[in-house]
Amino acid sequence: MGFFSRKKDVTPKQENPEFLAVVAKWDVFLDRIKTRFLDSLVDAEEALLSNLEESDYDIQPTMTAWAGIKSQLMALGEKIDTTFDEKVKPQMLQYKEHFDLLDQRAKGAFLREKIILKGLRRFEIVLEGKISTRFYNHAVKFLNEDFYCTQCSAKIEVRKDLFRAHYVSCDYCNTVNTFTPNDKISQIRWVVDNIAKFQAIEEWDAKIKAENELNEMPTWSRNMDITPHRVALEKQENADKAFWLKYFTVRAMFLPEYQKTIEHDIAVKMRWFYEDRKREYNF
Ligand SMILES: [Zn+2]
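Since the model is a prediction, treat every value here as computed from it, not as a measurement.

## Quick word on the overall build of the chain
Each helix and strand counted, the chain has seven helices and four strands in total. In the chain, the succession of α and β elements from N to C terminus is α-α-α-β-β-β-β-α-α-α-α. Here the C-alpha radius of gyration of the chain, 26 Å, is well above what a compact globule of 283 residues would show, namely 19 Å. Judged by the C-alpha coordinates and their principal axes, the chain covers about 95 × 50 × 20 Å. Relative to its 283 residues, the chain shows a buried fraction of 17%. The long-range share in the chain, meaning contacts at least 24 apart out of those at least 6 apart in sequence, stands at 66%.

## Overview of helix α2 (residues 59–92)
Spanning 34 residues, α2 covers 48 Å between terminal C-alpha atoms, matching the ideal 50 Å at 1.5 Å per step. Of all the bends in α2, the greatest, near 45°, is centred on F84. I59, T62, G77, I80, F84, V88 and M92 are the residues of α2 that are buried. Buried residues along α2 sit in contact with α1 (17–54), α3 (102–143) and α4 (183–199).

## Digging into the packing of α3 against α4
Interhelical geometry of α3 versus α4 gives an angle of 145° and a closest axis separation of 8 Å. For the crossing formed where α3 meets α4, the hand is left-handed. Residues I125, V126, E128, G129, S132, T133, F135, Y136, A139, V140, F142 and L143 of α3 lie in contact with α4, whose contacting residues are K184, I185, Q187, I188, V191, N194, I195, K197 and F198. By residue class, the composition of the contact of α3 with α4 is 13 nonpolar, five polar and three charged.

## Re the packing of α1 against α3
With their axes 11 Å apart at the nearest point, α1 and α3 run at an angle of 10° to one another. In terms of orientation, α1 and α3 fall into the roughly parallel class. Two secondary-structure elements touch here, α1 through V23, W26, L30, I33, K34, F37, L41, E45, L48, L49 and L52 and α3 through Q104, K107, G108, L111, I115, I116, F123, L127, K130, I131, R134 and F135.

## Examining the domain arrangement of the chain
Looking at the assigned domains, one finds that the chain contains domain 1 (1–142) and domain 2 (200–283). Between the C-alpha centres of domain 1 and domain 2 the distance comes to 28 Å.

## Brief notes about the pairing of strand β4 (residues 176–179)
In this sheet, β4 lies alongside strand β3 (residues 166–169) in antiparallel orientation, the contact comprising four bridges. Pairing of H166 across the sheet is with F179, part of β4. Between the end of β3 and the start of β4, which pair antiparallel, lie six residues, with N174 showing a positive phi angle near 70°.

## Points about helix α7 (residues 262–281)
Here α7 is 20 residues long and its end C-alpha atoms lie 28 Å apart, about the 28 Å a rise of 1.5 Å per residue gives. Most pronounced at M270, the bend in α7 amounts to some 35°. Once α7 finishes, N282 follows within two positions and takes phi at roughly 60°, a positive value.

## Quick word on the environment of R271
As for its placement among the helices and strands, R271 is situated in helix α7. Sequence separation of R271 and E18 is 253 residues, and the distance between their C-alpha atoms is 54 Å.

## Section: the environment of Y136
Here Y136 is to be found in helix α3. Exposure remark for Y136: the 21 C-beta atoms within 10 Å place this residue in the buried category. When the C-alpha positions of Y136 and C170 are compared, they lie 28 Å apart, and in sequence the two are 34 residues distant. Leaving out residues up to four positions away in the same chain, Y136 has contacts with I188, V191 and I195.

Here is what the cut-offs are and how they apply
- Residues numbered from 1 in each chain as written.
- Predicted model: local features only at pLDDT ≥ 70, side-chain atom pairs only at ≥ 80, totals over all residues.
- Helix = DSSP H or I, 4+ residues; strand = E, 2+ residues; numbered from the N terminus.
- Rg over C-alpha atoms; globule rule 2.2 N^0.38 Å.
- Buried ≥ 20, exposed ≤ 12 C-beta atoms within 10 Å, placed from the backbone.
- Contact = placed C-beta atoms within 7 Å.
- Expected span 1.5 Å × (residues − 1).
- Bend = angle between axes of the 7 residues up to and from the residue.
- Axes fitted to C-alpha atoms, helices over the stretch in contact; angles between N-to-C directions.
- Left-handed = near helix turned anticlockwise from the far one by under 90°.
- Nonpolar A, V, L, I, M, F, W, Y, C, P; charged D, E, K, R; others polar.
- Parallel < 35°, antiparallel > 145°, perpendicular 65-115°, else oblique.
- Domains from an automatic or database assignment.
- Pairing = 2+ DSSP bridges.

Structure representation (structure tokens):
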């Protein structure tokens, strides 16, 4: 895990200048990929949000376009490895042994895993959260439209937290009416998940930070003092719980039917953590 971390900048004196030139070219390539990746994120957000608006809030094409962009960005990550294996490494092998090139390969792996893949995971939460929030703000307006009794035309209040068809009886004549929401309102149910994740982004960051801290520790074995690992595990446990609590609480704000199950839902999500801990640390 800590494989790529500290060693990167160690360049022994008196390197072959031709080798150094190849290294410099490799660095430029990596830098260019990184810039292209970061620029693409900015462009993607802008394009997808205006796509949503232009399609009159038809969320499906926007999500499909995002899936396409995402796979292009993942391909950018894979390009790093193939470029190293097919172009960079053969050149470097003229000056060095395989083993001496591990650090060079690690630079690419770092960019792919820590910048691109990790960056994408977080970006996805933010982007889908923003798209979903805008969609929600648009769709929810239809809930506030007036709805009238089919029998006597009296105005009927519909529930603002049930984004699906439901019966409402008329206060005036008691006729049971069926309120059928339009498509946009029914779709609210499936953007709530994205909104909840997005609103829990701070908790998510804390969860990832705690995970990283634990991953960077030396692997625990039975003859080691477990205290430092115990501390880190407790931190991760709390961070995970805080994330799920926030996530399920926000979800229940939109869909109150889930209010009762928050505790149970958190317990379900935490199960893997306790199973892992038991297996690896035996407590
Ligand atoms: Zn009526």
